[in-house]
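Geometric and topological summary
The residues making up each chain are set out below.
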Amino acid sequence: MPEDRDWFMGLALEEAERGQAEGNIPVGSVIVRGGEVVGRGRNRVASDRDPTCHAEVDALRDACRNLDSPDLSGAACYTTMEPCPMCCWALQEAGVARLVLGARHAEMRRTDYGRYSVEALLELTGRSLEIETGVRTAECEAIRRNWTGPARPEA
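Because the structure is a prediction, the values reported are computed rather than measured.

Secondary-structure assignment places A97 in the loop between α4 (85-94) and β4 (98-103). Taking C-alpha positions, A97 is 5.6 Å from L129, a pair spaced 32 residues apart along the chain. Each residue touching A97, except ones within four places of it in the same chain, is listed here: G74, A75, L129 and E130.

Before going further, it helps to examine the pattern of salt bridges. A side chain with one charge can pair with a side chain of the opposite charge if their charged atoms come near. Within the structure shown, the criterion is met by 16 salt bridges. Across the pair E82 and R104 runs a salt bridge whose closest N-O atoms are separated by 3.1 Å. Taken together, the positions of E82 in the loop between β3 (76-81) and α4 and R104 in the loop between β4 and α5 (118-125) put the pair 22 residues apart, joining distant regions of the chain. The exposure class assigned to E82 is buried, which follows from its relative accessible area of 3%. Judged by relative accessible area, R104 falls into the buried class, the value being 13%. The partner of E119 in a salt bridge is R104, with the nearest N and O atoms 2.5 Å apart.

Orientation of helix α3 (residues 55-67) relative to α4, taken along the N-to-C sense of each, is 25°, at an axis distance of 8 Å. The angle between the axes of α3 and α4 places the two elements in the roughly parallel class. In the crossing of α3 with α4, the sense of the turn from one axis to the other is left-handed. Listed contacts from α4 to E56, V57 and L60 of α3 are M86, C87, A90, L91 and A94. Its residues assigned to classes, the contact of α3 with α4 shows 7 nonpolar, no polar and 1 charged.

Our next topic: the packing of aromatic side chains. Counted under the stated rule, the structure contains 3 aromatic pairs. When the ring of W7 is compared with that of F8, the centres are 5.2 Å apart and the planes differ by 65°; the resulting orientation is edge-to-face. Considering the side-chain rings of F8 and Y78, the 5.3 Å spacing of their centres and the 45° angle between planes classify their relative orientation as tilted. Of this pair, F8 sits in helix α1 (residues 5-21) while Y78 sits in strand β3, and the two are 70 residues apart along the sequence. This pair shows no difference in class: F8 is buried, exactly as Y78 is.

Along the polypeptide, R144 turns up in helix α6 (residues 137-145). The buried charged residue R144 lacks any salt bridge partner; its closest oppositely charged side chain belongs to D112, at an N-O distance of 5.7 Å. Those residues in contact with R144, other than ones at most four positions away along the chain, are I25, P26, M81, M108 and R110.

Turning our attention to the sheet that holds strand β1 (residues 28-33). One key point about sheets: their strands pair by backbone hydrogen bonds, in either a parallel or an antiparallel sense. The strand order across the open sheet formed by 5 strands is β2-β1-β3-β4-β5, and the pairing between neighbours is mixed. At either end of the open sheet lies a strand with only one pairing partner, and these are β2 (36-42) and β5 (130-132). The sheet shows a mean angle of 20° between the axes of neighbouring strands, taken without regard to direction. The pairing of β4 with β5 spans 3 bridges and is parallel. Within β5, the residue paired with V100 across the bridge is E132. Strands β1, β2 and β3 of the sheet are contacted by α3, whose axis makes an angle of about 140° with β2.

What follows deals with α5. For α5, the set of buried residues is V118, L121 and L122. Mapping the buried residues of α5 onto a view down its axis gives an arc of 100°, with all of them on the same face. Turned more than 90 degrees away from the buried face of α5, the exposed residues are E123 and L124. As for α5, its buried residues are in contact with α4, β4 and β5. G126 sits one or two positions beyond α5 and adopts a positive phi of about 70°.

The rules behind the values
Residues numbered from 1 in each chain as written. Predicted model: local features only at pLDDT ≥ 70, side-chain atom pairs only at ≥ 80, totals over all residues. Heavy atoms only, no water. Helix = DSSP H or I, 4+ residues; strand = E, 2+ residues; numbered from the N terminus. Contact = heavy atoms within 4.5 Å. Salt bridge = Lys/Arg side-chain N within 4 Å of Asp/Glu carboxyl O. Buried < 20%, exposed > 50% of the residue type's maximum accessible area, 1.4 Å probe, protein only. Axes fitted to C-alpha atoms, helices over the stretch in contact; angles between N-to-C directions. Parallel < 35°, antiparallel > 145°, perpendicular 65-115°, else oblique. Left-handed = near helix turned anticlockwise from the far one by under 90°. Nonpolar A, V, L, I, M, F, W, Y, C, P; charged D, E, K, R; others polar. Phe/Tyr/Trp six-rings, centres within 6.5 Å; stacked < 30°, edge-to-face > 60°. Lys, Arg positive; Asp, Glu negative; His and termini not counted. Pairing = 2+ DSSP bridges. Arc of directions from axis to C-beta.

See the structure below:
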């Protein structure tokens, strides 16, 4: 049975909403292997006070615990926002074979990542990863664009 891309991205969007409700940047991810969700994650940087707790890393940690293995060979990662370099490399180290993206940094006109893209990192490092884009993109972009972030205290 082929994977239902829209359904799995919907689960990632649910994780993004949970993260936002907890005061974090609304990004969510799920790890799928053999048609089954084996890991779920959301950005928890603010709530966990952990700069490495991005959605993809959170989902990888959950999947590795659930499978009792750091090897996620053949798995797919569905994520609402293109992974940062740290998360992309973590996916590589875990053996994730496929990345399904909602929003992309370039389309969001984000400047904080410069010219970074998953493809640029893969080219730089000589690695490969199957990438699929355009899955529920409008919804993934909307949740990220609508996030206002926590109130910042006056300096």
